[in-house]
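# Survey of secondary and tertiary structure
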Amino acid sequence: MYRFEVHQVKKPLEGEVQISGAKNAVLAVMAAALLAEGVSEITNVPHLKDMKTMSDVLRIIGCRISGEAHQLKIDTRGADHLEAPYELVKTMRASFYVLGPLVARFGRCRVSLPGGCAWGPRPVDLHLKGLEALGAKINLTRGYVEATCEGRLPGGTFNFPISSVGATVNVLMAATLAKGTSVLQNAALEPEIDNLVDYLVSMGAKIQGRGTRTLTVQGVESLRPGKGYTIPDRIEAGTYLCGAAITRGCVKVTKIIPEHIASTLDAFREMGCKVDVGNDWAQVDARGMELKPISISTLPFPGFPTDMQAPLMATLVSVPGNSLIQDTVYNDRFKHVAELQRMGANIQVNGNTATIKGGTKLEGTEIMGSDLRATAALVLAALVAEGESTVSRVYHLDRGYEDFENKMAKIGGVVIRHSDDEDDDAF
Ligand code: EPZ
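Right, let's walk through the structure included here.

Conventions and cut-offs
Residues numbered from 1 in each chain as written. Predicted model: local features only at pLDDT ≥ 70, side-chain atom pairs only at ≥ 80, totals over all residues. Heavy atoms only, no water. Helix = DSSP H or I, 4+ residues; strand = E, 2+ residues; numbered from the N terminus. Polar contact = N/O pair within 3.5 Å; in protein donor to acceptor, adjacent residues only side chain to side chain. Contact = heavy atoms within 4.5 Å. Pairing = 2+ DSSP bridges. Axes fitted to C-alpha atoms, helices over the stretch in contact; angles between N-to-C directions. Near = heavy atom within 4 Å. Areas by Shrake-Rupley, 256 points an atom, 1.4 Å probe, with all protein chains shown as cover. Nonpolar A, V, L, I, M, F, W, Y, C, P; charged D, E, K, R; others polar. Buried < 20%, exposed > 50% of the residue type's maximum accessible area, 1.4 Å probe, protein only. Phe/Tyr/Trp six-rings, centres within 6.5 Å; stacked < 30°, edge-to-face > 60°.

## Some details on the side chain of serine 20
The residue serine 20 is located in the loop between strand 2 (14–18) and helix 1 (23–32) in this model. Polar side-chain contacts of serine 20 include one of 2.5 Å to the side chain of glutamate 402. Non-local contacts of serine 20, meaning those with residues more than four positions away in its chain, are made with Pro46, Pro232, Asp233, Glu236, Glu402 and Lys407.

## Overview of the sheet that holds strand 4 (residues 64–66)
The strand order across the open sheet formed by four strands is 4-5-3-14, and the pairing between neighbours is mixed. If you trace the sheet from one side to the other, it starts and ends with strand 4 and strand 14 (227–229), each paired once. Sheet twist, expressed as the average angle between the axes of neighbouring strands with direction ignored, equals 15°. Examined bridge by bridge, strand 4 and strand 5 (residues 72–75) share three bridges and lie antiparallel to one another. Following the sheet pairing, isoleucine 65 is matched in strand 5 by isoleucine 74.

## Considerations on the site of the ligand
By nearness alone, 24 residues border the ligand, and Asp125, Leu126, Ser164, Asp307 and Val329 come closest of all. Here an oxygen atom of the ligand and a backbone polar atom of glycine 166 are 2.7 Å apart. Summarising the interface, the protein chains cover 87% of the accessible area of the ligand, which totals 830 Å² for the free molecule. For the shell around the ligand, the secondary structure elements donating two or more residues are helix 1, helix 5 (125–133), helix 6 (165–175) and helix 12 (372–384). Of all the elements, helix 5 adds the most residues to the shell around the ligand, at three residues. Here the shell around the ligand is built from residues that sort into 11 nonpolar, six polar and seven charged.

## Things to note about unusual backbone geometry
The step from phenylalanine 301 to proline 302 runs through a cis peptide bond, and the omega angle for that step is 10°. Within the secondary structure, proline 302 sits in the loop between strand 18 (295–298) and helix 10 (309–317). With a phi angle near 50°, alanine 69 is a residue other than glycine that sits in the positive phi range. Judged by its relative accessible area of 54%, alanine 69 falls in the exposed class. Even without a glycine there, the phi angle at arginine 142 is positive, about 50°. Tracing the backbone through its elements, the reader meets arginine 142 in the loop between strand 8 (137–141) and strand 9 (144–148).

## Topic: the environment of leucine 48
Position of leucine 48 among the secondary structure elements: in the loop between strand 3 (39–43) and helix 2 (49–61). Look at leucine 48 and you get buried, because its relative accessible area is 5%. Sequence spacing of leucine 48 and lysine 90 is 42 residues, and the spatial spacing of their C-alpha atoms is 17 Å.

## Concerning the packing of aromatic side chains
Aromatic ring pairs: the centre-centre distance and the angle between the two ring planes describe each pair. Applying the stated criterion across every chain yields a total of four aromatic pairs. For the pair phenylalanine 4 and phenylalanine 404, a centre-to-centre distance of 5.8 Å together with 20° between the ring planes defines the contact as stacked. Remark: phenylalanine 404 occurs in helix 14 (residues 404–410) and phenylalanine 4 occurs in strand 1 (residues 2–7); sequence separation between them is 400 residues. Measuring from centroid to centroid gives 5.9 Å for tyrosine 401 and phenylalanine 404, while their planes differ by 70°, and the two rings are edge-to-face.

Don't take any of this as a statement about function, it's just geometry.
In structure tokens, the structure reads:
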């Protein structure tokens, strides 16, 4: 296990950070490779722990994974063990994405239910209902989903009662090989879905409605291996921009798609930051500024993302006045609050809304990460807390932030990794 030693910045963060490929885009595309026989290729893949976990899941199924630099090759010609075991699915919920492709291509599979996560239950009922709407038979036994269908999935129409990224991913992938035409209504609009649509189309899938809430899929008999690019990580970008705001510095994130972080940039503007945007970059300048408290609710894309809730909360702790953050996507995603309070933050949580009385002086201390974004938020707070902090359970952050210490160092953040025990190897 690793921990971070984080020092209070001696001066505001300043400089440029190049953003990596999006974890949440790659995970879906890696699962999509199962829809075809052969070697699929993915570029702009970040080096993250979650990619390793998804590779382990695909290897258990029988695939061969290779890759160098930021490319991945997935050879599915050996895929014959149609199962995703609990010990992997419980460590990474996105392993559940193999369900749709396996049942659609092979007519049967057994995938562990993901169980909960740090901030509470994460149901998969919409994944299962959507696959049943396409004609899959779903049986739940001993914590596993057994999905079967006679021959090809018949296909069908499914109206998602709420916007779900993962359920849209699973059902969309299955629909590409179903018979006839399937319609996904109220599909998620997150950019990671567009990235998956582009990848599926490179495999020969026939999909209309990219970027809208209605995806119409004309099923095909078979798909060819895919070849595609990974969009930049909009949450990684937002996190480094929070670094500019919280330290009253100026950070430019490059190799991004600005439309993907529009709602995040609006939050910085509302706080009083100077925001500049180019065709593949964005900059937040908070130098010498008195930032203002804000009230904000997280929403499905294009609203303010729930994954930015914790990093923004850490930022608002540094802004004098009362700010409000409501998480309408996950109403219990506040495990980072107790740790921020230990540093001296004045935050009250009532239901799914946190009231932040900002402007209190934070003191460096030992703090513990509980999930990916919460851990990033604690590092941000530690950068402005007095003295030195130790952030434990950094494995959470390693799931979604490539080369974190070096990127932070480039803009003046002192984050030093220590192993909790000597023989720890890199994940
Ligand atoms: C994806 O999770 C992301 N993960 C999450 O990012 C992100 O927080 C989330 O979307 C919301 O944007 C990946 O892409 C791998 P959902 P997902 O299905 O697909 C409820 C990170 O930090 N729901 O869009 O699991 C659910 O409880 C991670 O990178 C059901 O009720 O999220 C939530 O309230 C954390 N039944 C809402 O829908 C279901 O079957 C949205 O969840 C599925 C979801």
